[in-house]
Amino acid sequence: MTPLQKLEVRASDIRGRLAEIGGLSADEITDEVRSELATLRREHTDNESQQTALRMAGAEPTPVETRSEDRDMDNLRSRVGFSPYVTAALAGRPVLTGAEAEYNTERGIPEGHFPLELLGGPLLETRAARDGDGRTEQGSWLDRIFANSAASRVGISFRDVPAGVVAYPVTTAGGSAVMRGRTEAVTESTYTIAVTEIKPARAAVHGVYSVEDDARLPGMADAIERDMRMAVVHDIDLMVFKGDSGANETAADVTGMQTASITESTITQTNKVKADETLKTFVSLVDGEYASAMSDVRIVTSVGANTLWYSTIHNSAADNQTIAQFLMASGMSWTARGGIDTNTANGDFGAYVGLANGLEGAGIAAVWNSGSLIRDPYTKADTGEVKLTLNYLWQLAFPRTANFKRVKFVT
């Protein structure tokens, strides 16, 4: 394994651990976890710098020293929580004082907005999902349950981007090394560069709460904070796979892996209950280029496929082994994601796959760096209700679709 590949593997491990930390509750965010989180963030930054240096120079780089101003910003960021923004929005005012106001100024966040990185989870691969300020006891609340995030599993890179259109260049063709005789000329090759431009699309979380609840429940702001965070994380993660079919425009705002121009493999209704045929479908994705082994094939299944594999006996005459046991013994692993497909009928999707070689940046979820919380106590004032809307901008693109595959059940 080359030094660059080792860095890419480590970067994948770091993102996985960040995603795990992002799923922890506020009570589970201990000082030890916070310390680990800070270490992972620093390591991830150094890892990206080293990868860039290797690609540009072809030499083993040295870790980049953290500048003093970066350390100051990290220190300021560690004191910023999402709760003050929610509390201010519920009171109908912007954040005016404290670390939050200072951070907004340093980041150039407009008044009335907040840094979207505070929502965390899979939104930003270098952030944690929760700040865990622990100022309010949260044990009395029973929050909504959301599906676990799975976009990072297939290798979608989440990027915090500034205002404007973001461009991602990709080399699609170039020169090759060939042997030539003493007087033979080298064939000329043309480098082809494709540029993927990402423009923002608006998404929102909208909720209504009563003035009575606001008055009698001391943890109201914290509960709304947690719910909005998880709703944003859940919805973006699901749109990575299914896209946004709810947009009113002729074309959906977000094209997900279900409809993007990526290669599709199929499993027939006859073969879906045959463990060996199912395995062949996924083994065929190991092409020696984008995937060198089954460990390079990162799979997210639908609930329907996961249920089928775990509940179908592969060989009752021998060992009563399920399809899932057969696949795992053969080197496959996967994560099930709710909200994709619950069945395995004709046309249902069984899995989405990311191929690990060169995966970083092949799929981009760009999140613009500020969102707005809008409190509306007027529209439903006659019923004593207040509307709270979170607006944010993001977009999904696949600069290199060859790193991604999908699997569908067919006749």
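Further up the page is the structure itself.
These numbers were taken from a predicted model, which means no experiment stands behind them. (Residues numbered from 1 in each chain as written. Predicted model: local features only at pLDDT ≥ 70, side-chain atom pairs only at ≥ 80, totals over all residues. Heavy atoms only, no water.)

Student: Help me understand the pairing of strand β11 (residues 349-355), please; the structure alone is not making it clear to me.
Tutor: Residues in a regular strand point their side chains to alternate faces of the sheet. Among the seven residues that make up β11, seven are buried, leaving the element largely enclosed by the rest of the structure. Relative to β11, strand β7 (residues 297-301) is paired through five bridges, and the arrangement is antiparallel. Directly across from Arg-298, in β11, lies its bridge partner Gly-354. Taken together, the five bridges between β11 and strand β15 (residues 404-410) define a ladder with antiparallel strand orientation. Note on β15: the bridge partner recorded for Val-353 is Lys-405. (Buried < 20%, exposed > 50% of the residue type's maximum accessible area, 1.4 Å probe, protein only. Helix = DSSP H or I, 4+ residues; strand = E, 2+ residues; numbered from the N terminus. Pairing = 2+ DSSP bridges.)

Student: Any chance you could explain the packing of aromatic side chains here in plain terms?
Tutor: In this description, an aromatic ring pair is defined by two values, namely the gap between the centres and the angle between the planes. Across all of its chains, the model carries eight aromatic pairs by this definition. A centroid spacing of 5.9 Å and a plane angle of 50 degrees characterise the contact between Tyr-85 and Phe-114, whose relative ring orientation is tilted. On the criterion of sequence distance, the pair formed by Tyr-85 in helix α4 (residues 83-90) and Phe-114 in strand β1 (residues 113-115) is long-range, its members being 29 residues apart. On the basis of relative accessible area, Phe-114 is assigned to the buried category, the value being 1%. The structure contains a cluster of three or more aromatic residues connected by ring pairs, namely Phe-282, Trp-309, Tyr-310 and Trp-334. (Phe/Tyr/Trp six-rings, centres within 6.5 Å; stacked < 30°, edge-to-face > 60°.)

Student: Is there a simple way to explain the pattern of salt bridges in this structure?
Tutor: A side chain with one charge can pair with a side chain of the opposite charge if their charged atoms come near. Overall, the coordinates contain eight salt bridges when judged by the stated rule. The partner of Arg-337 in a salt bridge is Asp-237, and the shortest N-O contact between them spans 2.9 Å. Linking Arg-337 in the loop between β10 (334-336) and β11 with Asp-237 in helix α7 (residues 220-242), this pair joins segments that are 100 residues apart in sequence. With a relative accessible area of 1%, Arg-337 lands in the buried category. For Lys-408, the salt bridge is made with Glu-264, and the minimal N-O distance between the two is 3.5 Å. Of this pair, Lys-408 sits in strand β15 while Glu-264 sits in strand β6 (residues 263-268), and the two are 144 residues apart along the sequence. Relative accessible area serves as the criterion here: at 32%, Glu-264 is assigned to the partly exposed category. Each of Glu-264, Arg-406 and Lys-408 takes part in one network of salt bridges that share partners. (Salt bridge = Lys/Arg side-chain N within 4 Å of Asp/Glu carboxyl O.)

Distances and angles like these do not, on their own, reveal function.
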